[in-house]
Amino acid sequence: MEFITTSQASKLCGVGRTTIAKWVDAGRVQAYLTPGGHRKINKADLIGFMEEQHAVTDRIVKQKTRILIVDDNSDDIELLKAAFMVGGDRYEIHTADGGFQAIYKIGAVKPHVVILDLVMPDMDGFEVCANIKNSPETKMIKVIAVTAFNDLQKKQKAHECGVDAYFTKPLNLKAFVNKILDFSEPE
C-alpha cells in the first residue's frame, strides 16, 4: 500500500487540498489520521474514487510536471524549452510572453513550476511572483526567477516576492535542470 498526503492527492487530482480534506471528512475518500493530525490517503483508494467519478485516471497514474515558461524574449523561451526536450515524457511545457498572459495561463494550466523572467514590459516578474505566492490557490507553485541582470537588489526583491530559486543568464543549465528535478519530486 502506498500512502500519500492530501497535498500530493490534490496535485494528482488537480483540485485544492481543501477539496481533498472535504472528500475525506465526508467519507468519500478513505484516509488514515496520523498521531500528528495529518491525513494519509491510500493512493489505490484515491484512484478508485476518481474512477467512480469518471475522472481521467491516467493523469493520476502518470502525471507530467507542468512547467510554465514566462519571458518576453522568444529566443529565451526556445532555449528554456530545449532544456526539457530530453525528458519530454516527464514534462508538459507551456509558455507565456508576458506577465498578463502568465497570470491567465497559471489559472488555465495549473503549473507545478513557473520559470519567470523578472524584467518584462507589461507586468514584471516581481508582480507575477507576488500574485502567485499571495494566492492560496497558487502559493504552492514553485517559482524560478531567471534574469539577465546580475543585480543584488533585484535578487533581494525577487526573494521578498517569494521566488523559490534565482538564476542569472547565461544559465548554468545543469544547476537549472537539477533545480527543476528537485521541484518535480513528490513531497
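Source: prediction; values computed, not measured. (Residues numbered from 1 in each chain as written. Predicted model: local features only at pLDDT ≥ 70, side-chain atom pairs only at ≥ 80, totals over all residues. Heavy atoms only, no water.)

**Q** How would you summarise the pattern of salt bridges if you had to cite specific residues and measurements?
**A** A full pass over the atoms with the stated rule returns 5 salt bridges. For Lys169, the salt bridge identified is with Asp71, shortest N-O distance 3.2 Å. With Lys169 in the loop between strand E8 (165-168) and helix H9 (173-184) and Asp71 in the loop between strand E4 (65-70) and helix H5 (74-82), this pair connects stretches of sequence that are 98 residues apart. Its relative accessible area of 23% is what places Lys169 among the partly exposed residues. The structure contains a network of salt bridges with shared partners spanning Asp71, Asp76 and Lys169. (Salt bridge = Lys/Arg side-chain N within 4 Å of Asp/Glu carboxyl O. Helix = DSSP H or I, 4+ residues; strand = E, 2+ residues; numbered from the N terminus. Buried < 20%, exposed > 50% of the residue type's maximum accessible area, 1.4 Å probe, protein only.)

**Q** Describe the environment of Phe100, naming the residues involved and giving the relevant values.
**A** Following the sequence through the fold, Phe100 ends up in helix H6 (residues 99-109). Excluding its chain neighbours within four sequence positions, the residues that come into contact with Phe100 are Asp122 and Met123. (Contact = heavy atoms within 4.5 Å.)

**Q** So what's going on with the sheet that holds strand E5 (residues 91-96)? Which residues, and what values?
**A** Taken in spatial order, the 5 strands make up an open sheet running E5-E4-E6-E7-E8, and their pairing is parallel. Unpaired on one side and paired on the other, E5 and E8 mark the two borders of the sheet. Pairs of neighbouring strands in the sheet enclose a mean axial angle of 20°, with direction left out of account. Bridge analysis of E4 against E5 gives 6 bridges, and the strand direction is parallel. In the sheet register, Arg66 faces E5, and the bridge partner there is Glu92. Sheet strands touched by helix H7 (residues 125-133): strand E6 (113-117) and strand E7 (142-147). Its angle to E6, the strand with the most contacts, is close to 155°. (Pairing = 2+ DSSP bridges. Axes fitted to C-alpha atoms, helices over the stretch in contact; angles between N-to-C directions.)

**Q** Go over H5, please, and point to the residues and values.
**A** Turning to H5, its buried residues number three or more, namely Asp76, Ile77 and Leu80. Angularly, the buried residues of H5 cover 105° about the axis, an arc narrow enough to put them on a single face. Opposite the packed face of H5, turned more than 90 degrees from it, sit the exposed residues Ser74 and Asp75. On its buried face, H5 is in contact with E4, E5, E6 and H9. The distance from a side-chain oxygen at the start of H5 to the backbone nitrogen of Asp75 is 2.8 Å, and the residue carrying that oxygen is Asn73. (Arc of directions from axis to C-beta. Polar contact = N/O pair within 3.5 Å; in protein donor to acceptor, adjacent residues only side chain to side chain.)

**Q** Provide a residue-level description of the packing of aromatic side chains, including the pertinent values.
**A** Under the criterion given, the structure shown has 2 aromatic pairs. Both rings, one in Trp23 and one in Phe49, keep their centres 4.9 Å apart while their planes meet at 55°; by these two values the pair is tilted. With Trp23 in helix H2 (residues 17-25) and Phe49 in helix H3 (residues 43-52), this pair connects stretches of sequence that are 26 residues apart. Judged on exposure class, the residue Trp23 and its partner Phe49 are both buried. Look at Phe167 and Phe176: their rings are 5.4 Å apart centre to centre, the planes differ by 85°, and that puts the pair in the edge-to-face class. Assessed through its relative accessible area of 14%, Phe167 is described here as buried. With a relative accessible area of 0%, Phe176 lands in the buried category. The ring of Phe149 carries Lys154 above its face, with NZ or CZ at 5.4 Å from the centroid. A cation sits over an aromatic face here: Lys157 above Phe126, 4.5 Å from the ring centre. (Phe/Tyr/Trp six-rings, centres within 6.5 Å; stacked < 30°, edge-to-face > 60°. Lys NZ or Arg CZ within 6 Å of the ring centre and 35° of its normal.)

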